[in-house]
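A structural walkthrough
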Amino acid sequence: MQSAEETTNCPDCGHQIRVNPRYVTWCEHCDWNVDPTPVVDQTPAWRLAIEHRLANSLYGELAKGEVHRPGWDAARIAAVLLSVLILMLPLIGLVTGIALLVLYRPLWFSILLSLPAFGIAFLTRPRAATLPRGVQLLHRDQAPTLYAVLDQVAAAVGTKRVAAVAVIAEPNLWYMRAGWRLDPVIGIGLPLWAGLRPQERVAMLAHELGHGRHGDSLNNWLVGSAWSVLDGLRATFTEHRLDRIRREWGVRDGTGTTIVSRMLNTTVGLLVRGIAWLLERLQLRSSQRAEYLADRKAGEIAGSEATAQALERLFLADASYRAMERAIRFPTEITPLDAVRRAVTEVPAREIERHLRASRVRETRTDATHPPTYLRTKLIRTRPITTARVVLDTDQSLAIDHELEPVAQKVLSQLRLGR
Ligand SMILES: [Zn+2]
Ligand SMILES: [Zn+2]
């Protein structure tokens, strides 16, 4: 902690403000400089206005009454219809192709015509959700303490037990259903996890598992499957992927293939991105609601204050990642994860407060599927739940770190080698 504190005067309102050379200088009286590096946002103003109104109306609704499951509003129905349409594409392609082959003559001509139809069927085929590349899995027998906590949380949430834990280097946590059997997998990002206090860890796990609970499963399955198709298409029709395929085929630039792939990239790629954008917008309200519901669940399980504080820790995610990276690049006797812990515990409350205010200034943006953090923490604290249903003590928390250690080493050495 900095003991000798300097002060200066706010250039905007003249109040005396504290200066800590390691952090941003800002004014608590007028919010001067709370957000010194505003996110450069290309989103048009009308869309920001829609998202802003949406976030506020949703918040108002949730703050007033009980948080309940989403109803069938127009946007949700449209999202499901669009998903069904996307999922029917392979069938339509297949049937059209076969019909052409059977019914149309001359045969050589029908073969020619059926090729694009089969192409569409192939490109839009349903895919099993796969884990991101490079994740290290931590299985049940390797981490009994962690899985015991996960099972306790899953039982409290009322959702399926997780099948695997994916340990990652990114500073976040996520939940997904992987494979054809849709097994729940939870992703634990080391730099975020390392900086969390025990009860904040419970809150984060409960929030993620809360995503497995909400929304009815048919709806989730339909929209989720449509997303896996769209993601596959997006991956196919990006410059990067096609470039690689071209190189593998030994095709040089300026050939017909390049022109065709560029054309496909702009036309089909644009169409796919447009549809993905539309689906995302249609889901905006329900995905924001899902975040609030997951927060509410987390509050019930870990206690409101721990949940709110866990969310505030997310502000430090980037700083945690940088601390970890620095420790990997310039090794000292401090391990990378200890460096993260140190960096996080050093952060003064005033810096967290600045981040909170910045999230209010930035409002709905940065990631529209998540409501702004200041609204999330405010909602959690409006009706605080003081008793936790799952309690993790310091010893258990340390035991989990111990269980994570071998896999963490692998993840860190991957990072050291530049993946
Ligand atoms: Zn000021
Ligand atoms: Zn979430």
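Quantities reported herein were computed from a predicted structural model and do not represent experimental measurements. (Residues numbered from 1 in each chain as written. Chains lettered and ligands numbered in written order. Predicted model: local features only at pLDDT ≥ 70, side-chain atom pairs only at ≥ 80, totals over all residues. Heavy atoms only, no water.)

Some thoughts on the sheet that holds strand β3 (residues 136-138)
To be explicit about the condition: Any two strands with at least two DSSP-identified bridges between them are counted as paired. Only DSSP runs of H or I with at least four residues qualify as helices, and only runs of E with at least two residues qualify as strands; both kinds are numbered from the N terminus onward. In this analysis an axis means a line fitted to C-alpha atoms, helices contributing only their contacting stretch, and an angle means the value between N-to-C directions, from 0 to 180 degrees. Residues count as neighbours in contact if any of their non-hydrogen atoms are within 4.5 Å of one another.
Pairing in this open sheet of 4 strands is mixed, and the strands run β3-β4-β6-β5 from one edge to the other. Sheet topology places β3 and β5 (173-178) at the edges, where each strand pairs with a single neighbour. Strand-to-strand, the axes of this sheet are offset by a mean angle of 30°, without reference to chain direction. Packed onto the sheet, helix α4 (residues 144-157) meets β3, β4 (164-168) and β6 (183-189) and runs at close to 115° relative to β4. Docked against the sheet, helix α6 (residues 198-213) engages β5 and β6, running at close to 30° with respect to β5.

Looking at the packing of helix α11 (residues 317-329) against helix α15 (residues 394-416)
Worth spelling out the cut-off: Comment on the angle field: the value is read as roughly parallel under 35 degrees, roughly antiparallel over 145, roughly perpendicular from 65 to 115, and oblique elsewhere. For this classification, Asp, Glu, Lys and Arg are treated as charged, while Ala, Val, Leu, Ile, Met, Phe, Trp, Tyr, Cys and Pro are nonpolar and the rest, including Gly, are polar.
Relative to each other, α11 and α15 sit at 75°, their axes nearing to 10 Å. Compared by their axis directions, α11 and α15 come out roughly perpendicular. Contacts between α11 and α15 involve Y321, M324 and I328 from the first element and L412, L415 and R416 from the second. Of the residues assigned to the contact of α11 with α15, the class counts are 5 nonpolar, no polar and 1 charged.

Examining the coordination of the zinc ion (ligand 1)
Convention followed: Here a donor is an N, O or S atom found within 2.8 Å of the metal, or within 3.2 Å if the metal is Na, K or Ca; sites may look incomplete because water is not among the atoms. By the criteria applied here, four donors are tetrahedral when all angles lie between 85 and 135 degrees, four are square planar and six octahedral when opposite donors are over 155 degrees apart and every other angle lies between 65 and 115, and any other arrangement is irregular. Residue burial is assigned from relative accessible area. The probe radius is 1.4 Å, only protein chains are included, and a residue is buried under 20% of its type maximum, exposed over 50%, and partly exposed in between.
Ligation of the zinc ion (ligand 1) by protein atoms is provided by C10 (SG), C13 (SG), C27 (SG) and C30 (SG), these donors lying 2.2 to 2.3 Å from the ion. Classification of the site at the zinc ion (ligand 1) rests on its 4 donor atoms, whose angles at the metal span 105 to 114°, yielding the label tetrahedral. Mapped onto the sequence, the residues coordinating the zinc ion (ligand 1) show the spacing C-x2-C-x13-C-x2-C. Residue C13 is located in the loop between β1 (6-9) and β2 (16-19), and its partner C27 is located in the loop between β2 and α1 (45-64); the two are separated by 14 residues in the primary sequence. Looking at C27, the relative accessible area reads 0%, which means it is buried.

Let's talk about the pattern of salt bridges
To be explicit about the condition: Criterion for a salt bridge: a side-chain nitrogen of Lys or Arg within 4 Å of a carboxyl oxygen of Asp or Glu.
All told, the structure shown has 21 salt bridges when counted by the stated rule. The partner of E200 in a salt bridge is R313, and the shortest N-O contact between them spans 3.3 Å. Of this pair, E200 sits in helix α6 while R313 sits in helix α10 (residues 304-313), and the two are 113 residues apart along the sequence. Residue classification places E200 among the buried positions, given a relative accessible area of 1%. With a closest N to O distance of 2.8 Å, E305 and R381 form a salt bridge. You can see E305 sitting in helix α10 and its partner R381 sitting in helix α14 (residues 373-382), a full 76 residues away along the chain. A network of salt bridges, in which partner residues are shared, links R201, D338, R341 and D401.

As for the packing of aromatic side chains
Note the cut-off: Centres within 6.5 Å make a pair out of two Phe, Tyr or Trp rings, where for Trp the six-membered ring is used; the pair is then stacked when the planes are under 30 degrees apart, edge-to-face when over 60, and tilted otherwise.
Following the criterion strictly, the structure yields 3 aromatic pairs and no others. Both rings, one in Y59 and one in Y292, keep their centres 6.5 Å apart while their planes meet at 55°; by these two values the pair is tilted. Taken as a pair, Y59 in helix α1 and Y292 in helix α9 (residues 256-302) lie far apart in primary sequence, 233 residues in all. One aromatic cluster is present, formed by Y104, W108 and F109 through successive ring pairs.

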